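Residue-level listing of the chains:
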Amino acid sequence: MKTITTTEDLAAFCKEAAQFDYVTVDTEFLRERTYYSQLCLIQLAMPGETDDNAVLVDPLSDGLDLAPLYDLFRDTSVVKVFHAARQDLEIFFVDAGVIPQPLFDTQIAAMVCGFGEQVGYETLVKRIAKQQLDKSSRFTDWSRRPLTEAQKKYALADVTHLRRIYEYLADKLKKQKREPWVEEELGILTSPDTYIARPEDAWKRIRTRTASPKFLAIVKTLAEFREFYAQSNNIPRNRVFKDDALTELASTKPKDMKDLSRSRLLLREARKGDIAEGILAAVQAGLDMDPDDMPQPDRTNDKLQVDPALADLLRVLLKAKADGAGVAPRLIAATSELDALSAGKRDVPALQGWRKDVFGADALKLCDGKVGLAARKGKVDIIEL
């Protein structure tokens, strides 16, 4: 079991890997105490049946430069295979602005191939590779050195079994002619916007019960300050202050340190120093915001006249069509899309591309009252009205 600790060895491995059609990739990282993930280990494997052509790369080694790996990621002749790649890709994008191309995510492919919603790696190892994973090192501190043999074995299994899983799923997708389905889903993962956290947009993640523009203006400025502070100091945003404290501050509108001290939910560290001053400045900025610049609540769903009965029928239809096609329902349509369809909207993804062929055409007929649903022998069928 080889561990790469030098740039020269990494370059040699990547040069060899570039001769193959694909390489499997995984990472181990920590994020509990930081805003950005701390990359602790990279696992790589070339095609094969043994561990001989799989390696661990130690990014914590002094002087190791990941440039050869990033060159491999840019090599479009080699498919980079991940499982549930979202967090792995974020690490590489933040570090070097690199998104591996072309990309294959076995979790997405498995959903298209009928393995269920967000299927886990362990499940695919059991069902496709016919192996059992040793889970003893799952919750471990990957930043500590030296790594134990158990840790290394666990980490390496994340890319060695992945080879068999990739080959199986890629072959099945090709036979079913569903590669475009996967490519469409990968569009989100390969978009840089997925990994750029803009402080000015942070307020959109905050759940509030108040739709007042003035209140939302303060939520926006507080969330923007928190995101900027967390990024600048590389600490989790909840270490600055939590969401419930943020909405409390937006309601109480503290004007000075004395007001701030009355907060029930604010962490002690946030009642003084740079954070406290930032909070007071953010609250004032929200109060001073021009009415034309204030955030407006999303009223899109308020205008929808959802037909509950029709929405329920669409859910039944979705399950039947998804089961029949052997694809996870979530990939075809979200619950919000079904509600929108029942309310008369037609600009939803479920009516576009391959989804229209699988579900959308019959969904439109159901919405227009041209077909109905019937249960026969435990299955749901489409019937003409």
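Residues numbered from 1 in each chain as written. Predicted model: local features only at pLDDT ≥ 70, side-chain atom pairs only at ≥ 80, totals over all residues. Heavy atoms only, no water.

Novice: It is not clear to me how helix α3 (residues 86–96) should be interpreted in this structure. Could you clarify?
Specialist: Each turn of an α-helix holds 3.6 residues, which means side chains three or four residues apart point in the same direction. Of the residues making up α3, those classed as buried are D88, L89, E90, I91, F92 and F93. On its buried face, α3 sits against β2 (22–30), β3 (38–45), α2 (67–74), β5 (79–82), β6 (103–105) and α7 (179–189). Once α3 ends, the next one or two residues include G97, with phi positive near 70 degrees. (Buried < 20%, exposed > 50% of the residue type's maximum accessible area, 1.4 Å probe, protein only. Helix = DSSP H or I, 4+ residues; strand = E, 2+ residues; numbered from the N terminus. Contact = heavy atoms within 4.5 Å.)

Novice: Quick question: what am I supposed to make of the pattern of salt bridges here?
Specialist: A side chain of one charge can pair with a side chain of the opposite charge if their charged atoms are brought near each other. Applying the stated rule across the entire model yields 24 salt bridges. Ionic pairing is found between E122 and K126, a salt bridge with its closest N-O pair at 3.7 Å. Pair noted here: E122 and K126 are both in helix α5 (residues 121–129), with a separation of four residues, about one helical turn. A salt bridge links D339 to R315; the nearest nitrogen and oxygen atoms lie 3.0 Å apart. Note that D339 is positioned in helix α15 (residues 335–342) and R315 in helix α13 (residues 308–325), a separation of 24 residues in sequence. A relative accessible area of 22% places D339 in the partly exposed class. For R315, a relative accessible area of 30% puts it in the partly exposed group. Through salt bridges with shared partners, a single ionic network connects R31, R86 and E90. (Salt bridge = Lys/Arg side-chain N within 4 Å of Asp/Glu carboxyl O.)

Novice: What is the right way to read the packing of aromatic side chains from this model?
Specialist: Ring pairs (aromatic) are described by centroid distance and by the angle formed between their planes. Here the structure, examined in full by the defined rule, presents 13 aromatic pairs. Ring centres of Y70 and F73 lie 6.2 Å apart, and the angle between their planes is 50 degrees; this geometry places the pair in the tilted category. Here Y70 pairs with F73, and both are found in helix α2, just three residues apart, close to one helical turn. Across this residue pair, the class does not change: Y70 and F73 are buried. By the ring-pair criterion, three or more aromatic residues cluster together here, those being Y70, F73, F82 and F92. (Phe/Tyr/Trp six-rings, centres within 6.5 Å; stacked < 30°, edge-to-face > 60°.)

Novice: Would you mind going over the side chain of T221 with me for this structure?
Specialist: For T221, the position within the fold is in helix α8 (residues 213–233). The class for T221 is buried, based on a relative accessible area of 11%.

Novice: Could you clarify how one ought to interpret the sheet that holds β3 in this entry?
Specialist: Two pairing modes exist for strands in a sheet, parallel and antiparallel, and in both the strands are linked by backbone hydrogen bonds. Here we have six strands laid out as an open sheet, ordered β1-β4-β3-β2-β5-β6, and mixed in their pairing. Taken across any chain shown, the strands that pair with only one partner, and hence form the sheet edges, are β1 (2–4) and β6. Each strand axis lies, on average, 30 degrees off the axis of its neighbour in the sheet, ignoring direction. Where β1 lies against strand β4 (residues 54–57), three bridges are found, and the strand directions are parallel. Within β4, the residue paired with T3 across the bridge is L56. Relative to β5, α2 is tilted by about 105 degrees, and along the sheet it contacts β2, β3 and β5. Strands in contact with helix α6 (residues 149–176) are β1, β2, β3, β4, β5 and β6; relative to β2, the strand with the most contacts, it is inclined by about 140 degrees. (Pairing = 2+ DSSP bridges. Axes fitted to C-alpha atoms, helices over the stretch in contact; angles between N-to-C directions.)

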